[in-house]
Every structure is written in C-alpha cells, then in structure tokens.
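A structural walkthrough
Below, each chain spelled out in residue letters.
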Amino acid sequence: MVCNSCGAPVVPTKAELLLKKTPRCSRTGCTGYASERICSYCNAALPPDIMSYSKYLRFSILGITGSGKTNFLTTMLHELRHSPDSYLVPSPMDDLTKAMFEENDTIIYSMHEPVPATPAGSMPPPQLWRLKDKNKMTGIYIPTYSLTIFDGAGEDIEHIDPVVSRYINESKVLVILIDPLALPGVASTIEEDILNWSTTADHVNDASAKMVDGIAEYVRNNCGLPPGKLINRDVAVVFTKIDAVKESFGSAVVMKPSPHQAKKGFDKADANAVDAEIRDWLLSRGETSFLDSIDTNFKSNKVRFFGVSSFGQPPTGNSQLGKVMPHRVLDPLYWMLSKEGIIPTV
Ligand SMILES: Nc1nc2c(ncn2[C@@H]2O[C@H](COP(=O)(O)OP(=O)(O)O)[C@@H](O)[C@H]2O)c(=O)[nH]1
Ligand SMILES: [Mg+2]
C-alpha cells in the first residue's frame, strides 16, 4: 500500500487490518492515508478492493495465434452478463478491463465482426473481473469472487516472456484452446470460404501439440518439477469453432444446448459425454500428437475436454458475422466454478 499524500509505502497495523480501516501513513509529519494498492513486484496499480473477495479464480487462455481466444473470452463474458438465468453477475474491476471488454463486445455484437487478431508482440494485461453470486445473497451480504483472466500470447508461447510465464504459473486453471481448423487433416475437408473466414494464420504441423509441450515445460521449470512428473494442474481443453465441423458431430451431446446454467450447477454426466466426444473426434482425425502432449504432461484426472463455438455459426464473409449465438461458451467456466465449490456438481 502507498500513501496518497507522500507516496511512502505503508504497512497496515493489525488493528487496521482487523477493522478493515484505511491505513494511515506512519511517516512523521504526514497525515495521508494509504488508499492505493500497488503490486510489490511491478508497481502496477491494483484495484482498491483486490484483497476483499471471498474466493480468487485465475485462469489463462492459451492457444496458438488465431485459435479463437479473444473471441471466446468476449462471448463468454457477454453471455455471463446477458443470459436471463445467469446468477453470477460480472463487472469489471478496473477501467482497462472495462475498456478492453467494451471495445471487443461492440465489435462482435454491434458491428457483427470477429474481434481482429491481437498484433504480434503486444501483450494485453490480465483482465480483472468481479463476480457477484446472486444465488447466495442474504439480506445484507452478497458473496463476491475475483476472476483474473489472462488472454494468452499465441504462438509466442514458444518464447514465453517472464511476465507471461508468471501469469501461467499463477493460474489455477489452464484453458488450452484447440482449433480444429489448424489441424492439417481437417482443414482440407472444410469448404474454402468457411476456412478462410474462420482462420487468421497458417500454422506448421503439430503447432497445437508443440504449444502444449512449451507450456508444460514452462510450468515444470517454474515449479521445479522433473521432466517425468505429470503436472498437477486443472486443464480445460477447449475445442473452438465447432460450428465449422458440426456435420461430423451429427446429433452428439456437444451439439445440444448446454444444460449447466439451467441446472444451477455443473452437470457432470453431460460434461463426461462431451469430454469423450471431443477426445474421440480428435482421435478419429489422427490427432494423436495433440492428445499425447496433453496426456503425457498433465494428470489425466485434472483434464477435461469441452467443445464451443463463439459465434454459433461460421462467419458469413471476410470479417462479417451473421447472428451471434454462442454455443456452450460458459461450460469451462462452470467447471472451474464447481471446482471452487461456488456451484454444485449435479
Ligand atoms: N467459425 C468460427 N470461427 C471463429 C470462431 N471464433 C473465432 N473464429 C475465427 O478465428 C479467428 C481468430 O480468432 P481470435 O479470437 O482473434 O483468435 P486468437 O488469436 O486466439 O485470439 C477470427 O478471425 C474468426 O474468424 C468460431 O466460433 N467459429
Ligand atoms: Mg487474441
């Protein structure tokens, strides 16, 4: 904490902590208060209420460039905000998060365009959200959770910046996106227009598998884990752009509407069925290298596969969307919430 008058660092007294009072500056002659919090590592300003949450959720969205990270994050937050039976109310904790979200939200929902690719080399800061839990509200209290989301750095993952590697390391859940259209065997079966409108980058073979190996290596190095030890971290593998390959899923469970929100909990049977369908699909397309890189790096009981479409249907032109109807974009979040005990598993 820093004094708002003289800028000196301030350590709150025990009484101030206990009574949740704004600490006073202890410097002789200064009458200021320490209402500002800054990160002791990088000096960035932190939201004043950052220490006051019931639970802290942190996740990183990781995936090769163009795998759909930013569009997925934007539609996920939009759905959480706007769906009629949502009981978790999100609000941005700081101006930067608000501005980033509003810009992307306008592009998708008002301009009907996909969010353009993040320029190479730029590194957006993590988004800070608070979630209010209407379900557990009492007359005087509403449980509020902090949700920090890092929208990853695409292919740069092979040369992870130290700051990014810290975000990855501190994430409770790694959300790894797998773009079916970046898989060599799949791209050749997709209609050319749909493929062009749904992809922004060309990738080398096995790009997704290499990215997973890269992430795993960083987590291992940072945690001092030997190469042979499986990483004990929750991993949501999110298969994006499922609209572009929906024929091959036929009447699978993953193509049906998500049941979690209506059930006010995480529907495990539904999630198990989806998990099996996505794994089988990847196997049937010969994507063993991606599955192997997941299975040989992470503990199997910590990994869950999901299938989503941020737009509900492929873009209808170059940078042009039809009606935006996100499909199952909240499923990974519901899993995380159930792991934290915020919603029940049903
Ligand atoms: N068909 C389809 N295309 C998508 C979907 N989400 C994203 N895309 C396409 O993928 C491209 C890259 O998405 P983006 O979110 O920028 O990827 P990022 O680089 O991982 O953040 C976009 O230009 C979209 O055209 C989706 O749900 N369906
Ligand atoms: Mg992006």
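Throughout what follows, the structure given in this document is the object of discussion. In this text the structure is predicted, and so the values were computed from the model without any measurement.

**So, the overall build of the chain**
Counting secondary structure elements, the chain contains ten helices and nine strands. Taken over the C-alpha trace, the chain has a radius of gyration of 21 Å; the compact-globule value for 346 residues is 20 Å, and the two agree within 12%. Counting all 346 residues of the chain, 36% fall into the buried class. If you take every contact in the chain between residues at least 6 apart in sequence, the share linking residues at least 24 apart comes to 72%.

**So, the site of ligand 1**
Residues in contact with ligand 1 amount to 26 residues; listed here are only the nearest, Lys69, Thr70, Asn71, Ser198 and Ser310. When contributions to the shell around ligand 1 are tallied by element, the ones reaching two or more residues are helix 2 (69-82) and helix 6 (192-198). Tallied by class, residues from the shell around ligand 1 come to eight nonpolar, 15 polar and three charged.

**A short note on the sheet that holds strand 3 (residues 55-62)**
Ordered in space as 4-5-6-3-7-8-9, the seven strands form an open sheet in which the pairing is mixed. Of all the strands in the sheet, just strand 4 (88-92) and strand 9 (303-307) have a single pairing partner and so form its edges. Sheet twist, expressed as the average angle between the axes of neighbouring strands with direction ignored, equals 25°. Sheet topology places strand 3 next to strand 7 (residues 173-178); four bridges connect them, and they run parallel. Paired with Ser60 across the bridge in strand 7 is Leu174. Contacting strand 8 (234-239) and strand 9, helix 8 (residues 268-284) runs over the sheet at an angle of about 80° to strand 9.

**Focus on helix 9 (residues 288-295)**
If you check which residues of helix 9 are buried, you get Phe290, Ser293 and Ile294. In a view along the axis of helix 9, the buried residues occupy a sector of 100°, so they form one face of it. Tucked into the core, helix 9 has its buried residues touching strand 7, helix 7 (207-223), strand 8, helix 8 and strand 9.

**Some words on unusual backbone geometry**
Within the chain, Lys264 stands out as a residue other than glycine whose phi angle is a positive 50°. Along the chain, the position of Lys264 falls in the loop between strand 8 and helix 8. Given 13 C-beta atoms within a 10 Å radius, Lys264 is considered partly exposed. In this structure, Ser319 is a non-glycine residue whose phi angle is positive, near 55°. Note on placement: Ser319 falls in the loop between strand 9 and helix 10 (331-339). Of the residues examined, Ser319 has 12 C-beta atoms within 10 Å and is grouped as exposed.

What counts and what doesn't
Residues numbered from 1 in each chain as written. Chains lettered and ligands numbered in written order. Predicted model: local features only at pLDDT ≥ 70, side-chain atom pairs only at ≥ 80, totals over all residues. Helix = DSSP H or I, 4+ residues; strand = E, 2+ residues; numbered from the N terminus. Rg over C-alpha atoms; globule rule 2.2 N^0.38 Å. Buried ≥ 20, exposed ≤ 12 C-beta atoms within 10 Å, placed from the backbone. Contact = placed C-beta atoms within 7 Å. Near = placed C-beta within 6 Å. Nonpolar A, V, L, I, M, F, W, Y, C, P; charged D, E, K, R; others polar. Pairing = 2+ DSSP bridges. Axes fitted to C-alpha atoms, helices over the stretch in contact; angles between N-to-C directions. Arc of directions from axis to C-beta.

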